[in-house]
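# Residue-level structure breakdown
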Amino acid sequence: MSAAAVRLVVVCAVMQGATGKQWTVTVPQRIMGVVGSCISVPCSFHVPDSFAAELKNCSGGAIWRKEKLYIYSGHLLGDLRLRNCTTVFNHFTKEQSGSYFFRLDCPKSTLKFTFEEGVHITVTTAPPSPPSLSAMSHVTSVPLGGLVRLRCVAMAPCPNLPPSLTWSAPESVRKESTRILQTPDGQMMVNSTLTFKAAMQHHNKTVTCSVSYPLSAGGSSEATTTSHTLSVLYGPQNTAAQLSASPVPEGSVVIFSCTSDANPSVSAYTWFSNTNGTVVQVGEGQTLPLQVKQTHSGLYECQAHSERGTQRSGPLVLEVTALSTGTCRRSTDWLFIVCGVFSGLYFLTVALLFHKYKGLSRRLTQVEKRGENTIYANLQTSCISSDYDSLQPQPQLKKTSPELANYENAAALRKASNKTR
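The structure reproduced in this document is the subject of the present report. Since this is a predicted model, take the numbers as computed values, not measurements.

## Thoughts on the side chain of asparagine 263
Its place among the elements puts asparagine 263 in strand 21 (residues 253-263). Asparagine 263 sits in the buried class, given a relative accessible area of 15%. Here the side chain of asparagine 263 touches valine 232 through a polar contact of 2.7 Å, landing on its backbone oxygen. Ignoring any residue separated from it by four or fewer positions in sequence, one finds asparagine 263 in contact with His203, Ser231, Val232, Leu233, Tyr234 and Arg308.

## With respect to the side chain of threonine 114
Tracing the backbone shows threonine 114 in strand 10 (residues 112-124). One polar contact links threonine 114 to arginine 103, side chain to side chain, over a distance of 2.8 Å.

## Section: the sheet that holds strand 24 (residues 287-291)
Two orientations exist for strands paired in a sheet by backbone hydrogen bonds: parallel and antiparallel. Here four strands make up an open sheet; going across it, the order is 12-19-21-24 and the pairing mixed. Every other strand in the sheet has two partners, leaving strand 12 (142-143) and strand 24 as the edge strands with one partner each. The pairing of strand 19 (residues 232-243) with strand 21 spans six bridges and is classified as antiparallel. In the sheet register, glutamine 237 faces strand 21, and the bridge partner there is aspartate 261.

## Points about a nonpolar patch on the surface
On the surface, Ile337, Val341, Phe342 and Leu345 cluster together to form a nonpolar patch covering roughly 410 Å² of accessible area. With respect to the helices and strands, the residue valine 341 is situated in helix 3 (residues 325-384).

## Observations regarding the nonpolar core
By size, the foremost hydrophobic cluster in this structure holds 28 residues, and its most contacted members are Phe45, Trp64, Phe102 and Leu104. Elements that contribute at least two residues to this core include exactly strand 3 (39-41), strand 5 (62-66), strand 9 (98-105) and strand 10. Counting residues per element, this core draws most heavily on strand 10, at five residues. Apart from the residues within four sequence positions on either side, leucine 104 is in contact with Phe45, Val47, Leu55, Cys58, Gly61, Leu80, Leu111, Lys112, Phe113 and Phe115. By size, the runner-up hydrophobic cluster in this structure holds 23 residues, among which are Val34, Leu150, Ala154 and Val232.

## A closer look at the state of the cysteines
A full pass over the atoms with the stated rule returns five disulfides. Between the sulfur atoms of cysteine 38 and its disulfide mate cysteine 158 the distance is 1.6 Å. Torsion about the S-S bond of the cysteine 38 and cysteine 158 cystine: about 90°, corresponding to right-handed handedness. Within this pair, whereas cysteine 38 is found in the loop between strand 2 (30-34) and strand 3, its partner cysteine 158 is found in the loop between strand 13 (147-155) and strand 14 (164-168), the two being separated by 120 residues in sequence. Between the sulfur of cysteine 58 and that of cysteine 106 lies a disulfide, 1.9 Å long from S to S. Between cysteine 58 and cysteine 106, the S-S dihedral sits near -95°, and the bridge is therefore left-handed. One end of the pair, cysteine 58, is in the loop between helix 2 (52-56) and strand 5; the other, cysteine 106, is in the loop between strand 9 and strand 10, and 48 residues separate them in sequence.

## A closer look at the environment of glutamine 286
Of note, glutamine 286 is situated in the loop between strand 23 (279-284) and strand 24. By relative accessible area, which is 41% here, glutamine 286 ends up partly exposed. Measuring from C-alpha to C-alpha, the distance between glutamine 286 and threonine 259 comes to 7.3 Å, with 27 residues separating the pair along the chain. Excluding residues within four positions of it along the chain, glutamine 286 makes contact with Phe256, Ser257, Cys258, Thr259, Tyr269 and Trp271.

## Some points on the packing of aromatic side chains
A complete count under the given rule lists 14 aromatic pairs for this structure. Taken together, a centroid distance of 5.6 Å and an interplanar angle of 65° make the contact between phenylalanine 89 and phenylalanine 92 edge-to-face. Note on accessibility: phenylalanine 89 and phenylalanine 92 belong to one class, buried. Here the aromatic residues Trp23, Phe45, Phe51, Trp64, Tyr72, Phe89, Phe92, Tyr100, Phe102, Phe113 and Phe115 are joined through ring pairs into a cluster of three or more. The lysine or arginine in question, arginine 312, covers the ring of phenylalanine 272, its NZ or CZ lying 4.0 Å from the ring centre.

Rules behind the numbers
- Counting restarts for each chain: residues are numbered from 1 in the order of the written sequence.
- For this predicted model, a pLDDT threshold of at least 70 governs which residues receive local features, and a threshold of 80 or more governs which side-chain atom pairs are given and counted, while totals over whole chains, interfaces and linings are taken from all residues.
- For the side-chain quantities, the full set of heavy atoms in the structure was used; hydrogens and water were omitted.
- We count a stretch as a helix when DSSP gives it H or I for four or more residues in a row; a strand needs E for two or more, and each element gets its number in order from the N terminus.
- When a residue's accessible area, from a 1.4 Å probe over protein chains only, is under 20% of the maximum for its type it is buried; when over 50% it is exposed; and in between it is partly exposed.
- Between N or O atoms, a polar contact is any pair within 3.5 Å; within protein, one atom must be a potential hydrogen donor and the other a potential acceptor, and residues adjacent in sequence are included only when both atoms are from side chains.
- Two residues qualify as a contact provided that any one of their heavy atoms is within 4.5 Å of a heavy atom in the partner residue.
- Two strands are counted as paired when DSSP detects at least two bridges linking them.
- In this analysis, a patch consists of residues with relative accessible area above 30% that form no salt bridge, clustered at 9 Å for like charges and at 5 Å for the nonpolar side chains Val, Leu, Ile, Met, Phe, Trp and Tyr.
- Note on areas: Shrake-Rupley, 1.4 Å probe, and residue coverage restricted to the protein chains presented here.
- Salt bridge, as used here, is a side-chain nitrogen of Lys or Arg placed within 4 Å of a carboxyl oxygen of Asp or Glu.
- Joining through side-chain atoms within 4.5 Å is the link that ties buried Ala, Val, Leu, Ile, Met, Phe, Trp, Tyr and Cys residues into a set, and such a set is a nonpolar core.
- Any two cysteine sulfur atoms within 2.5 Å of one another count as a disulfide.
- Here a pair means two rings of Phe, Tyr or Trp (six-membered ring of Trp) with centres within 6.5 Å. Their orientation is stacked below 30 degrees between planes, edge-to-face above 60, and tilted elsewhere.
- Geometrically, a charge over a ring is one whose NZ (Lys) or CZ (Arg) sits within 6 Å of the ring centre while staying within 35 degrees of the ring normal.

In structure tokens:
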């Protein structure tokens, strides 16, 4: 056996008997990239000290095996002599996704070894994952006037084409800063920080961070977005009191109501009055019903309470109209006047109807009397007439006035009296 062959056998035996601490490689367990961009695989390794001399003469001897079957050379960024095997794969496709294992293959040297630890590479057409958006203070709520500091982090699998981070936040004076970070396993990340002062109008507003990846051929990938809802802590604000009606007559029921904006919400409402120059507490609750007297006229305020403070509303004027004796008398006088007018009209109507009834009765009585006289005169005339005349149909008599009938009856009687003589 030649000397070279013997040496190769010895090297292989040493490699096979070496422990994991002697032949180790440090690579991420998983890397995700975008189709059309590059993927950088951070890599470092360690070899036994007995091969350190040969490693110093190793340059460009790095290859990657896909699932121990296919070999990809990639572009070596690291220096093998410094135990740095970081490699960049350009124009990675979805079909190339899989597990990769680093192989040390130094040219013009017997130092050749495939490490057992591998990295799983996955590429997609969309961004590998949405950005991570969180509050840097690790507090979900920020007090009014405090600094809001949000951090948006996205993976940067291709250091030559770092991702673009874009903020969408409520209008305010803000500051943005971006930097590149490295994770413990060697991967690169883009870290963007947004800082602004918390205001009341920021409460329950949404802040978004979007990430897109530039492509080697130009353009960029689709953007993915992550949102964060702001929570701003503040005491009662815009406290206001309202009144159902004013002025109101004495004895009426009025309702006071109070509104206020706070986070956390208002826990209690208190009502105060200033009727005689002295402020006193008159009730509690968001609404306050009150049956008013004249002495209730004055100024009223409500006070909102929360765990972050208190605030009073502006003054509210209540005016109560008193029901005085003069007012009662005037009201009674008007009532009597109205009742008197209606009573007078009623009695006048009854009197007129009664007068008409009496007049009609007198006329009917006169007509009946005249009717009796006319019948009697006709009977006298009938007795004088012959039986033949009484049997003959009588012509229809024209209606005559009572005076004419009486005249005709008197003339007939005189004529009859002359014949008997």
